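Read off the chains here:
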Amino acid sequence: MLVDCSSLPARTSLCTWLSLQTTKMSSVKHLVYAVIQFLRQQSRVDTYTSDEQESLEVAVQCLETVFQISSEDTHLATPLPLEEMFKNNIYKSNKPSLCEDPEKAVQLKDEGNNHMKEENYGAAVECYNQAVQLAPNNAVYYCNRAAAYSKLGKFSEAIKDCETAISIEPSYSKAHGRMGLALSALNKYEQAITSYRKALDLEPENDTYKSNLKTAQQKLREISSPTGSAYGFDMASLINNPAFVSMAASLMQNPQVQQLMSGMMSDAVGGPAAGVGGLTDLSSLIQAGQQFAQQIQQQNPELVEQLRNHVRSRSFSGSAEEHS
């Protein structure tokens with residue numbers, strides 16, 4: 001049955017009522033979509049247990065079912081993530097005199113960059129916080145704050161800021177690159193590789209992205225390979241290092257080391273302890289290895305320090321990157 005809207009009083013017009021309800025439902029869907037995106041983001045945070053993450057996923061599924069929303073409904077996305085909108089609203093409610101001030105935001109960003117150069121990362125975060133409040137749609141401020149968070153070891157916060165920056169400006173290569181750094185720091189090398197590749201797609205000639213991508217791929221191979229080193233370096237590269245070979249040769253000239261190695265070889269080829277308590281016994285082999293390591297530490301501590309420095313040198317580059 002069709003209803004003629006023109007025959008109804010203005011205040012009770014069915015068409016007007018339906019229009020209002022449609023608008024209201026649309027607003028609700030926008031809100032629910034923002035909530036779903038927030039919950040999805042939270043479900044990927046490492047601080048939650050697997051059961052808690054699963055509960056968040058269930059909550060997402062329930063909301064999608066009730067409100068008939070899917071991840072493909074990107075037209076429902078809000079300009080800012082739900083958490084950022086909430087922070088902005090609370091901040092403005094508590095400080096009603098504060099309003100958007102792009103020029104002041106630029107000054108605060110520059111102050112934050114200066115703090116970064118001075119390695120005063122906590123102060124840098126505070127400056128970027130204020131810049132974000134004054135210009136919440138500027139991707140640079142989130143990306144710079146992500147760099148400061150990474151320096152403070154707050155990698156999850158850095159990833160969130162990079163995601164926000166990318167949601168504002170998807171082609172922001174630096175945000176993709178910095179997210180790769182934060183993901184790598186959390187040993188999430190597969191995701192880091194994806195971020196680095198995206199950064200390189202946007203900025204193909206960037207040597208830092210190329211180097212970080214190569215390092216992340218190497219790290220992924222090391223943890224995936226059964227022969228990968230647990231200490232972050234491969235013995236082959238050390239054996240081919242002239243400095244290492246020289247140090248090892250010098251160490252082997254030490255009479256105590258020669259005596260220890262002679263004893264180990266005697267056991268290995270069937271000395272009196274072989275097959276009983278010698279190197280055919282796994283515990284004895286481990287003990288002999290520990291003794292050899294202790295001998296190296298005592299006779300040539302410089303060699304041990306060289307090995308440690310070798311591990312440290314394999315860390316990711318990008319610490320000296322410029323800030324926008």
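So, how was this worked out
- Residues numbered from 1 in each chain as written.
- Predicted model: local features only at pLDDT ≥ 70, side-chain atom pairs only at ≥ 80, totals over all residues.
- Heavy atoms only, no water.
- Helix = DSSP H or I, 4+ residues; strand = E, 2+ residues; numbered from the N terminus.
- Contact = heavy atoms within 4.5 Å.
- Patch = residues over 30% accessible without salt bridge, like charges linked within 9 Å, V, L, I, M, F, W, Y side chains within 5 Å.
- Areas by Shrake-Rupley, 256 points an atom, 1.4 Å probe, with all protein chains shown as cover.
- Salt bridge = Lys/Arg side-chain N within 4 Å of Asp/Glu carboxyl O.
- Lys, Arg positive; Asp, Glu negative; His and termini not counted.
- Charge placed at Lys NZ, Arg CZ, Asp CG, Glu CD.
- Buried < 20%, exposed > 50% of the residue type's maximum accessible area, 1.4 Å probe, protein only.
- 1 Å grid on protein atoms, 1.4 Å probe; cavity = no way out; pocket = protein on both sides within 12 Å on 5 of 7 lines; lining within 4 Å.
- Points joined across faces, edges and corners; volume = space filled by probe spheres on them.
- Nonpolar A, V, L, I, M, F, W, Y, C, P; charged D, E, K, R; others polar.
- Core = buried A, V, L, I, M, F, W, Y, C linked by side-chain atoms within 4.5 Å.

1. Examining the environment of Thr78
At step 1: Relative to the elements of secondary structure, Thr78 occurs in the loop between helix 2 (50–67) and helix 3 (82–94).
At step 2: Here the alpha-carbon distance between Thr78 and His30, two residues 48 residues apart in the chain, equals 6.9 Å.
At step 3: Setting aside its immediate chain neighbours within four residues, Thr78 contacts His30, Ala34 and Met85.

2. As for a negative patch on the surface
At step 1: On the surface, Asp51, Glu52, Glu54 and Glu57 cluster together to form a negatively charged patch.
At step 2: Tracing the backbone shows Asp51 in helix 2.
At step 3: Under the relative-accessibility criterion, Asp51 is labelled exposed at 55%.

3. Things to note about the environment of Gln53
At step 1: Here Gln53 is to be found in helix 2.
At step 2: For Gln53, a relative accessible area of 22% puts it in the partly exposed group.
At step 3: The spacing of Gln53 and Arg40 is 13 residues in sequence and 9.1 Å in space, taken between C-alpha atoms.

4. What to know about the layout of surface pockets
In this approach, a probe sized like a water molecule rolls over the atoms, and the result shows the empty space that is left.
At step 1: Empty space within the second largest pocket amounts to approximately 480 Å³.
At step 2: Elements with a minimum of two residues in the lining of the second largest pocket: helix 1 (14–43), helix 3 and helix 7 (155–168).
At step 3: Among the elements that take part in the lining of the second largest pocket, helix 1 stands out by supplying six residues, more than any other.
At step 4: Across the lining of the second largest pocket, the residue classes break down as eight nonpolar, seven polar and five charged.

5. Notes on the nonpolar core
At step 1: Counting residues in hydrophobic clusters, the biggest one holds 38 residues, and the most contacted among them are Met116 and Ala165.
At step 2: If you list the elements that add at least two residues to this core, you get helix 4 (102–117), helix 5 (121–134), helix 6 (139–151), helix 7, helix 8 (173–185), helix 9 (189–202) and helix 10 (207–224).
At step 3: Tyr33, Ile36, Leu39 and Leu76 belong to the second-largest nonpolar core, a separate cluster that totals eight residues.

6. Comments concerning the pattern of salt bridges
A side chain of one charge can pair with a side chain of the opposite charge if their charged atoms are brought near each other.
At step 1: A complete count under the given rule lists four salt bridges for this structure.
At step 2: Across the pair Glu64 and Arg40 runs a salt bridge whose closest N-O atoms are separated by 2.4 Å. Separated by 24 residues along the polypeptide, Glu64 in helix 2 and Arg40 in helix 1 bring together distant segments of the chain.
At step 3: Note on Glu64: relative accessible area 18%, which makes it buried.
At step 4: Across the pair Lys210 and Glu205 runs a salt bridge whose closest N-O atoms are separated by 4.0 Å.
At step 5: Taking relative accessible area as the criterion, Glu205 reaches 66% and is therefore assigned exposed.

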